[in-house]
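# Residue-level structure breakdown
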Amino acid sequence: MEEYSKAKYTETSGPDFSAYADVITEFYTKHPEYQGVPFVNLLKLLSDRNYKNADQLYQMALKGELHPVR
């Protein structure tokens, strides 16, 4: 089971997944040609063991390690 410890939760604001959502949003925004890469595939790369930033995800896409589904 992958760990996603960057997600936060407080009683007042509830769950905060911005550590993951921000990276995925930045990747899709900066590189719209890869919007066909499934969200779940990117999320797998954001686990504690594999955590990548948007630029690292883009480098993986350029190397053919991320594939759009379209």
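Residues numbered from 1 in each chain as written. Predicted model: local features only at pLDDT ≥ 70, side-chain atom pairs only at ≥ 80, totals over all residues. Heavy atoms only, no water.

## Here we look at the packing of aromatic side chains
For the record, the criterion: When two rings of Phe, Tyr or Trp (its six-membered ring) have centres within 6.5 Å they constitute a pair, described as stacked for plane angles under 30 degrees, edge-to-face for angles over 60, and tilted for the intermediate range. Numbered from the N terminus, helices here are DSSP runs of H or I no shorter than four residues, and strands are runs of E no shorter than two. Working definition: with a 1.4 Å probe on protein chains only, accessible area under 20% of the residue-type maximum means buried, over 50% means exposed, and in between means partly exposed.
Taken as a whole, this structure holds five aromatic pairs when the rule is applied. Judged by centre distance (5.6 Å) and plane angle (75 degrees), the rings of Tyr4 and Tyr20 are edge-to-face. With a gap of 16 residues between them, Tyr4 in the segment before β1 (8–10) and Tyr20 in helix α1 (residues 18–30) connect regions that are remote in the sequence. Take Tyr4: its relative accessible area is 30%, and that puts it in the partly exposed class.

## Some details on the pattern of salt bridges
Think of it this way: side chains of opposite charge can pair up when their charged atoms draw near. Note the cut-off: Salt bridge, as used here: a side-chain nitrogen of Lys or Arg that lies within 4 Å of a carboxyl oxygen of Asp or Glu.
Under the definition given, this model contains two salt bridges. The partner of Lys30 in a salt bridge is Glu26, and the shortest N-O contact between them spans 3.3 Å. Taken as a pair, Lys30 and Glu26 lie in helix α1 at a separation of four residues, close to a single helical turn. Overall, the relative accessible area of 43% leaves Lys30 in the partly exposed class.

## A short note on the environment of Asp55
As for its position among the elements, Asp55 is in helix α3 (residues 54–62). On the accessibility criterion, Asp55 (41% relative accessible area) is partly exposed. Separated by 29 residues in the primary sequence, Asp55 and Glu26 place their C-alpha atoms 8.9 Å from one another.

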